[in-house]
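Observations on the model geometry
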Amino acid sequence: MATVKRSVTIDPQVLAELSPERRANLSAAVNDALRLLAALEAQQSLVAEWEAEHGPFTEEELAPYIEAAVRAQSERMMMVAEEAVHRYRGEA
């Protein structure tokens, strides 16, 4: 895979908040974050196009998607917390 080298400046507080695994491979962490941002921008573009043609989404239309996003985020946070507990306890 072709790569592009860039110099980046990282806020030390943000860096300190990353897990040791992410700090050990910052290139992978940056790529993961940029993939998420690119996906978000693509979704925002699709929403903007749809709304330009059909008008804004109503709260009623958005409710199931917001609930699903909150549920997914909660589940992910629980997974991360459980992984942290296992690492703290020295469990595999």
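The written sequence of each chain sets the order in which its residues are numbered from 1. In keeping with the predicted nature of the model, local features appear solely for residues at pLDDT of at least 70, side-chain atom pairs appear and are counted solely at 80 or more, and the whole-chain, interface and lining totals rest on all residues. The side-chain numbers reported here are obtained from all heavy atoms of the structure, hydrogens and water having been left aside.

This part is about the overall build of the protein chain. A run of DSSP states H or I qualifies as a helix once it reaches four residues; a run of E qualifies as a strand once it reaches two. Both are numbered from the N-terminal end. Scanning the protein chain from N- to C-terminus turns up 4 helices and 0 strands. Reading the helices (α) and strands (β) of the protein chain from amino to carboxyl end gives α-α-α-α. Counting only C-alpha atoms, the protein chain reaches 50 × 35 × 30 Å along its principal axes. Partly exposed residues are those whose accessible area sits between 20% and 50% of the maximum for their type, while under 20% is buried and over 50% is exposed, using a 1.4 Å probe and protein chains only. By residue count, 2% of the 92 residues in the protein chain fall in the buried class. The accessible surface values rely on the Shrake-Rupley method and a 1.4 Å probe; as for residues, cover is taken only from the protein chains in view. When the accessible area of the protein chain is evaluated, it comes to approximately 8,500 Å², of which 59% is carbon and sulfur surface. Across the protein chain, the 9 positively charged side chains and the 16 negatively charged ones have centroids separated by 15 Å. His is not counted here, nor are the chain ends, while Lys and Arg score as positive and Asp and Glu score as negative. Each charge is placed at NZ for Lys, CZ for Arg, CG for Asp and CD for Glu.

Here, a salt bridge means any side-chain nitrogen of Lys or Arg that lies within 4 Å of a carboxyl oxygen of Asp or Glu. Throughout the structure, instances matching the rule amount to 2 salt bridges. Of the charged contacts in the structure, one is a salt bridge between D32 and R22, with a shortest N-O distance of 3.0 Å. Separated by 10 residues along the polypeptide, D32 in helix α3 (residues 26-54) and R22 in helix α2 (residues 20-24) bring together distant segments of the chain. You can call D32 partly exposed: its relative accessible area is 32%. What makes R22 partly exposed here is its relative accessible area of 34%. Its salt-bridge partner being D32, residue R35 comes within 3.3 Å of it at the nearest N-O pair. With R35 and D32 both in helix α3, this residue pair falls 3 residues apart, about one helical turn. Beyond isolated ion pairs, a larger network of salt bridges with shared partners links R22, D32 and R35.

Note on patches: the residues involved have over 30% relative accessible area and no salt bridge, like charges join within 9 Å, and the nonpolar side chains Val, Leu, Ile, Met, Phe, Trp and Tyr join within 5 Å. A cluster of nonpolar side chains, V30, L34, L37 and L40, forms an exposed patch at the surface whose accessible area comes to about 330 Å². Along the chain, L37 turns up in helix α3. Residue class for L37 comes out partly exposed when judged on its relative accessible area of 46%.

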